[in-house]
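Each chain is listed here by its residues.
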Amino acid sequence: ARMQSPLKAIVFFCLIGLVKGENTDGSGLAAAVLLPLFLIFIPGVLALLFFKKLPKELLPISTGAIWLFSLLVLSLAGHVILVKEESSEPFNNDAAKFTTATGVLVWLYMSGFAAALITKARQRFTLLFRQIVLALEGFWSLLAFIAACVGSANWDGDQGYCTEDRADARNCQTYRAGVAFTWFMFHSLLIKLYFAVTHLHEKPESGERRPEGKQVHPEQDYNVLSDEGGASKWQEYTDDATGAPYWHNPETGVSTWTKPADAD
């Protein structure tokens, strides 16, 4: 089939290099490292340059992608460890075990985070929970990068097994695919880490939402006490559309983009 664009041609040739278990010129390893860079990381950076922020809809997509990539990592890299064959011995080493363990840990974490998204529990995360999420995702990103580098260093197995004539191409392909998906997992984790950083101070959603039909007047200043000498009646919310904070007084029905002087 004729390629319709240069991008499709690049992807096509990268995939050929990736799946060839018998290549010895490093093209497969180059494809494993560069393909996720071009397909995931660079598009994310370009989106930030053009739109200044990533859409919120990308969070569940990136979560699902990482969940899938980590599942593939633990399945593929773990397969060559668990299979009791002589041809799998060159991959039964610390590098393959570390890559597999990383896939397992990231998959477990992403399963829990996906459950929080589905049940909408994430929307109620307090600042402390968001800080924990940020720390964890920074750790997972670093761990995935180390696992990807370690797996790439073990690309041909012990003592260059995959470059030998006796090599089992099936096990070489399986392990190499696991390493390639580790790079996909790493770049996807970077995008998710971006969300954790930019939404760190996002206010958790409460049961009350901005009243429908109420007009917000950013130009007005409502710096008045809602109760003589009493506590402030202003409540802070985050606008879903813009992500900007606004304040609402449930007693008067007034909302404002400007923080009132007596707001907590």
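Residues numbered from 1 in each chain as written. Predicted model: local features only at pLDDT ≥ 70, side-chain atom pairs only at ≥ 80, totals over all residues. Heavy atoms only, no water.

Draft legend 1. Up close: the overall build of the protein. For the protein, the count of helices and strands is 6 helices and 3 strands. Its helices and strands in sequence order give the protein the pattern α-α-α-α-α-α-β-β-β, from N to C terminus. The burial tally for the protein puts 38% of its 264 residues in the buried class. Considering only intrachain contacts with a sequence separation of at least 6, the fraction spanning at least 24 residues in the protein is 72%. Accessible surface, the protein as shown: approximately 14,700 Å² in total, 64% of it carbon and sulfur. (Helix = DSSP H or I, 4+ residues; strand = E, 2+ residues; numbered from the N terminus. Buried < 20%, exposed > 50% of the residue type's maximum accessible area, 1.4 Å probe, protein only. Contact = heavy atoms within 4.5 Å. Areas by Shrake-Rupley, 256 points an atom, 1.4 Å probe, with all protein chains shown as cover.)

Draft legend 2. Layout of the packing of aromatic side chains. Under the criterion given, the structure shown has 16 aromatic pairs. Between Y109 and F113 the ring centres are 6.3 Å apart and the planes differ by 35 degrees, which places this aromatic pair in the tilted class. Taken together, the residues Y109 and F113, both in helix 4 (residues 94-118) and 4 residues apart, mark about one turn of the helix. Of the residues examined, F113 reaches a relative accessible area of 6% and is grouped as buried. (Phe/Tyr/Trp six-rings, centres within 6.5 Å; stacked < 30°, edge-to-face > 60°.)

Draft legend 3. The sheet that holds strand 3 (residues 254-256), seen in detail. A sheet is described by the order of its strands in space; here 3 strands give the open sequence 1-2-3, paired in antiparallel fashion. One side of each edge strand has no neighbouring strand; the edge strands of this open sheet are strand 1 (235-238) and strand 3. Going across the sheet, the axis of each strand differs from the next one's by a mean of 30 degrees, ignoring polarity. Bridging between strand 1 and strand 2 (residues 245-249) involves 4 bridges; their strand directions are antiparallel. Its bridge partner being in strand 2, T238 is matched across the sheet by P245. (Pairing = 2+ DSSP bridges. Axes fitted to C-alpha atoms, helices over the stretch in contact; angles between N-to-C directions.)

Draft legend 4. Seen up close, helix 6 (residues 169-198). With 30 residues, helix 6 should reach 44 Å at 1.5 Å per residue; the first-to-last C-alpha distance of 44 Å fits that figure. The N-terminus of helix 6 is capped by D168, whose side-chain oxygen sits 2.9 Å from the backbone nitrogen of R170. (Expected span 1.5 Å × (residues − 1). Polar contact = N/O pair within 3.5 Å; in protein donor to acceptor, adjacent residues only side chain to side chain.)

Draft legend 5. How the structure looks around the environment of F129. Tracing the backbone through its elements, the reader meets F129 in helix 5 (residues 127-153). Of the residues examined, F129 reaches a relative accessible area of 45% and is grouped as partly exposed. Sequence separation between F129 and L200 is 71 residues; the distance between their C-alpha atoms is 9.3 Å.

Draft legend 6. Summary view of the pattern of salt bridges. Counted under the stated rule, the structure contains 3 salt bridges. Across the salt bridge formed by R176 and D156, the nearest N and O atoms sit 2.4 Å from each other. Placement of R176 in helix 6 and of D156 in the loop between helix 5 and helix 6 is noted, with a sequence separation of 20 residues between them. Residue R176 is classed as buried on the basis of its relative accessible area, which comes to 0%. Residue classification places D156 among the partly exposed positions, given a relative accessible area of 23%. We note a salt bridge from R170 to D168, for which the minimum N-O separation is 3.7 Å. Given a relative accessible area of 47%, R170 falls into the partly exposed group. (Salt bridge = Lys/Arg side-chain N within 4 Å of Asp/Glu carboxyl O.)

Draft legend 7. Focus on unusual backbone geometry. Located in the positive-phi region is K120, a residue other than glycine, with phi close to 65 degrees. Positive phi outside glycine occurs at Q159, with the angle close to 55 degrees. Judged by its relative accessible area of 78%, Q159 is exposed.

Draft legend 8. Region of the structure containing the packing of helix 4 against helix 5. Across the interface, helix 4 lies against helix 5 with an axial gap of 9 Å and an inter-helix angle of 150 degrees. Considering their axes alone, helix 4 and helix 5 lie roughly antiparallel with respect to each other. Crossing hand, helix 4 versus helix 5: left-handed. Counted together, A95, F98, T99, T102, L105, V106, Y109 and F113 of helix 4 and V133, L136, E137, W140, L143, A144, I146, A147, V150 and G151 of helix 5 form the full contact between these two elements. Residues that form the contact of helix 4 with helix 5 fall into these classes: 14 nonpolar, 3 polar and 1 charged. (Parallel < 35°, antiparallel > 145°, perpendicular 65-115°, else oblique. Left-handed = near helix turned anticlockwise from the far one by under 90°. Nonpolar A, V, L, I, M, F, W, Y, C, P; charged D, E, K, R; others polar.)

Draft legend 9. Geometry of the packing of helix 3 (residues 58-82) against helix 6. Two elements in contact, helix 3 and helix 6, have axes separated by 8 Å at closest approach and are oriented at 155 degrees. It follows that helix 3 is roughly antiparallel to helix 6 by the angle criterion. Here helix 3 runs over helix 6; the crossing is left-handed. Here the contact of helix 3 with helix 6 is built from residues that sort into 17 nonpolar, 9 polar and 1 charged.

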